[in-house]
Amino acid sequence: MKTYGLIGFPLEHSFSKKFFEEKFKREGIEDHGYHLYPLPFIESFLPFLGENPDLKGVNVTIPYKESVIEFLNDIDPMAKDIGAVNCIQITDGHLTGYNTDAPAFEQSIRSFLTEMPEQAFVLGTGGSSRAVCYVLANLGIKYVLVSRQHGDNRIGYNEVAKHMKASNLFVNTTPQGMFPDVESFPDLPYAKLTDKDFLFDLVYNPEETIFLKRGKEKGAHAKNGIEMLQLQAERSWNIWNSR
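About the cut-offs
- Residues numbered from 1 in each chain as written.
- Predicted model: local features only at pLDDT ≥ 70, side-chain atom pairs only at ≥ 80, totals over all residues.
- Heavy atoms only, no water.
- Core = buried A, V, L, I, M, F, W, Y, C linked by side-chain atoms within 4.5 Å.
- Buried < 20%, exposed > 50% of the residue type's maximum accessible area, 1.4 Å probe, protein only.
- Helix = DSSP H or I, 4+ residues; strand = E, 2+ residues; numbered from the N terminus.
- Contact = heavy atoms within 4.5 Å.
- Pairing = 2+ DSSP bridges.
- Salt bridge = Lys/Arg side-chain N within 4 Å of Asp/Glu carboxyl O.

Enquirer: When you look at the nonpolar core in this model, what are you seeing that I'm missing?
Expert: As a rule of thumb, nonpolar side chains are buried together in soluble globular proteins. Counting residues in each nonpolar core, the largest one holds 25 residues, and the members touching the most others are F105, I109, L136, L169 and F200. Counting only elements with at least two residues in this core, the list comes to α4 (101-112), β7 (119-123), α5 (127-139), β10 (168-172), β11 (198-201) and α8 (226-240). Ranked by residue count, the leading element in this core is α5, at six residues. Setting aside residues up to four positions removed in sequence, I109 forms contacts with L139, L169 and F200.

Enquirer: What's the story with the sheet that holds strand β1 (residues 2-8) in this structure? I'm lost.
Expert: Strand pairing in a sheet relies on backbone hydrogen bonds. The paired strands run either parallel or antiparallel. Spatially, the six strands line up as an open sheet ordered β2-β1-β3-β5-β6-β4, and their pairing is mixed. Edge positions in the open sheet fall to β2 (32-38) and β4 (74-75), since each of these has one partner strand only. Here β1 runs beside strand β3 (residues 55-60); their pairing, made up of five bridges, is parallel. If you follow G5 over to β3, its bridge partner there is V58.

Enquirer: How do you make sense of the pattern of salt bridges when you look at a structure like this?
Expert: Think of it this way: side chains of opposite charge can pair up when their charged atoms draw near. Going through the model one piece at a time under the given rule, you end up with nine salt bridges. Among the ionic pairs, E27 bridges to K23, the shortest N-O distance being 2.9 Å. K23 gets classed as buried once you look at its relative accessible area, which sits at 2%. Between E66 and R130 there is a salt bridge, with the nearest N and O atoms lying 2.6 Å from each other.

Written out as structure tokens, the structure reads:
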């Protein structure tokens, strides 16, 4: 059996197993399996591979999209530019890292934006944030990083209001609002949102987070991460079966 899976920690939020099991059934793909592999520490990655010799590929999620890179033999140029990997192809023990988040986000955001926003706020600074920033730069959209921790080239949530323009795109790349922590949400000036603003949430479980709900209440456009998940998963599948 050809085996694939998802590594990260925790993994209660993941739809990946369900997505691939339904794909295998729908397309009549036999002798294939997809499993969840919660790894409390990235240092256990190589021992984990040794214990699972049938693995042909894995997806990578929070919090290991950046730290897993040091264990790879090769990395795709785009993933290297981004500095984050969410898909690994395993060929005879050789590990090659890719980033399918970026092209999936680009395709999903293009279908979402009805007009080009003046500015984007990227909430969070992890591996998913890197992919989002890479795409926004390629689309020519100026962005501002927002984090709870102040640092170079980023602002705090309490500073967002004074940086807002007439039309804004807010992209949540953090796990805030993700199951099971569904009551949490980014601390934004929601009262200032209008129908000129766009809210994109990489979270897909639940389908409507408080972040999206509060934006819609002010007339803002809202989209969750389900389509992006599906697009990046299909790209991962194509990579795993490319050779």
